[in-house]
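Close look at the chain arrangement
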Amino acid sequence: MSLKELKAIPYQPVADSPAVRYYTDWNAFEPYLENPAPPVQLGWDDDALRLLNLKPDLILKPTPLKDKPELPEASSKRVLAFHLNTLNSQVNVFLRDTSYTILVPKPREGVLAAHLSVRATGNSTLNVLLLSPADAEGLNTLSIDVEVDTASTLRLNYIIRDSYRAPSAIFQRTRLDKDSRLETFLIGSRGRMTHMEMNQLLEGEASAAETVALLAAGKFSRITLETSAETRAPRTEISIRGLGFANEGFIAHKGFARARRGAMESRLEVRSRLIPLSPTSRVYAAPVLEIESDEPSYAAHSVAMGPLDPEHIFYIESRGFNEAEAVRLLVKSMYASLISRMRGSSLYQDALRLLLEELGL
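Owing to the predicted nature of the structure, the values given are computational and were not obtained by experimental measurement.

Regarding the overall build of the chain
- The secondary structure content of the chain amounts to seven helices and 19 strands.
- Taking 361 residues into account, the globule formula puts the C-alpha radius of gyration at 21 Å, and the chain, at 20 Å, falls close to it.
- Counting only C-alpha atoms and orienting by the principal axes, one finds that the chain spans roughly 65 × 50 × 45 Å.
- Relative to its 361 residues, the chain shows a buried fraction of 57%.
- Taking as baseline every contact in the chain between residues at least 6 positions apart, the subset at least 24 positions apart corresponds to 85%.

Details of the packing of aromatic side chains
- Under the defined criterion, the tally for this structure stands at five aromatic pairs.
- An aromatic cluster of three or more residues is present, and its members are Tyr-11, Trp-26 and Phe-29.
- The residue whose ring lies beneath Arg-190 is Tyr-164, and the NZ or CZ to ring-centre distance is 5.2 Å.
- The residue whose ring lies beneath Arg-222 is Phe-250, and the NZ or CZ to ring-centre distance is 4.2 Å.

Topic: the packing of helix H5 (residues 310–317) against helix H6 (residues 323–339)
- With their axes 9 Å apart at the nearest point, H5 and H6 run at an angle of 115° to one another. Crossing of H5 over H6 shows right-handed handedness. Contacts between H5 and H6 pair His-312, Ile-313, Ile-316 and Glu-317 from the former with Glu-323, Ala-326, Val-327, Leu-329 and Leu-330 from the latter.

Some details on the nonpolar core
- Membership of the largest hydrophobic core comes to 47 residues, with the highest contact counts inside it found for Leu-60, Leu-142, Tyr-158 and Leu-186.
- Of all hydrophobic cores here, the second largest spans 35 residues; its members include Ile-187, Leu-308, Ala-351 and Leu-356.

A few points about the pattern of salt bridges
- Using the criterion set out here, one finds 28 salt bridges in the structure.
- Note that Arg-175 and Asp-177 form a salt bridge whose closest N and O atoms lie 2.6 Å from each other.
- By relative accessible area, which is 15% here, Asp-177 ends up buried.
- Among the charged side chains, a network of salt bridges with common partners joins Glu-230, Arg-232, Arg-258, Arg-260, Glu-290 and Glu-292.

Topic: the side chain of Asp-149
- Its location among the elements puts Asp-149 in the loop between strand S8 (139–148) and strand S9 (153–161).
- The buried category is assigned to Asp-149, whose relative accessible area is 9%.
- Polar contacts involving the side chain of Asp-149 include one to the side chain of Arg-119, which spans 3.0 Å.
- Residues contacting Asp-149, with those up to four places away along its chain left out, are Arg-119, Ala-120, Thr-121, Asp-177 and Ser-180.

Conventions used here
Residues numbered from 1 in each chain as written. Predicted model: local features only at pLDDT ≥ 70, side-chain atom pairs only at ≥ 80, totals over all residues. Heavy atoms only, no water. Helix = DSSP H or I, 4+ residues; strand = E, 2+ residues; numbered from the N terminus. Rg over C-alpha atoms; globule rule 2.2 N^0.38 Å. Buried < 20%, exposed > 50% of the residue type's maximum accessible area, 1.4 Å probe, protein only. Contact = heavy atoms within 4.5 Å. Phe/Tyr/Trp six-rings, centres within 6.5 Å; stacked < 30°, edge-to-face > 60°. Lys NZ or Arg CZ within 6 Å of the ring centre and 35° of its normal. Axes fitted to C-alpha atoms, helices over the stretch in contact; angles between N-to-C directions. Left-handed = near helix turned anticlockwise from the far one by under 90°. Core = buried A, V, L, I, M, F, W, Y, C linked by side-chain atoms within 4.5 Å. Salt bridge = Lys/Arg side-chain N within 4 Å of Asp/Glu carboxyl O. Polar contact = N/O pair within 3.5 Å; in protein donor to acceptor, adjacent residues only side chain to side chain.

If you want it as structure tokens, here you go:
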């Protein structure tokens, strides 16, 4: 695809709202689209990797390409089209009752465009780590196709700590079969412009998709997340929960849950809470429910965008803590309340330290 053809594709098909036209800073991607180059000196944040105490089973790097994946939305999204056009890494992963960790390195210069095809059966865990050096100036784009087999469970953990100087974009598509379950847990902190889109399709009866996202944006950081789940089968469950704190940074979370015709007795829940910790912080949340089925058993959505409750801070201060300590305790307890929803792993507690560090707490 030529540069002219690429520029004819919009960054996204529809503006988000009259007030917030494009919450993603697409300009951060422009220099790479204008002059794509091979990745140079791939690296990662060793301190963060040691903190998580995970040994990667696979470190992504440029590979010989076979047939390029089919990414239908690339015709309507410029960054995704660019990703497909510059794809230089492609890996297939099959998980059967196992735990697997993939490390996505950051190039000092150039573009690492990788695609993962993941199939999970039995009871498996996949960890995807993007732990960038703070000063790396290369671009990461990553597309992930995930298929969860019948009567199988996949725990998909993303730990993202990106560069202050370069953007990243992640696009995930998931399909769930009958009686399958996907548990997605995202911890995202730091990033010049980190854009993530996670799309889940529940095709099988009695399948379930739960997404929990914990986000932190300090000074110079900008994070945007779209979590979308659609069900077409009866007795399915969709749960999307996002919690983020911005301290002189920006966070946006859009959560979609859709019940199409045929999704009888399904449960849908979308909740988003984004909290600015300073006057210069900015947050934007938009939970959306679309229900075509006549017989959902439960549907709910909520949104909250506002600072911490001063009375809660005062209450903790009255117990002998200063204001900074009170804020840290509140933030940590709110993160921990969502971490407790996910089935046991010390990984989440370790990753929580990355969030607090990004917020300066």
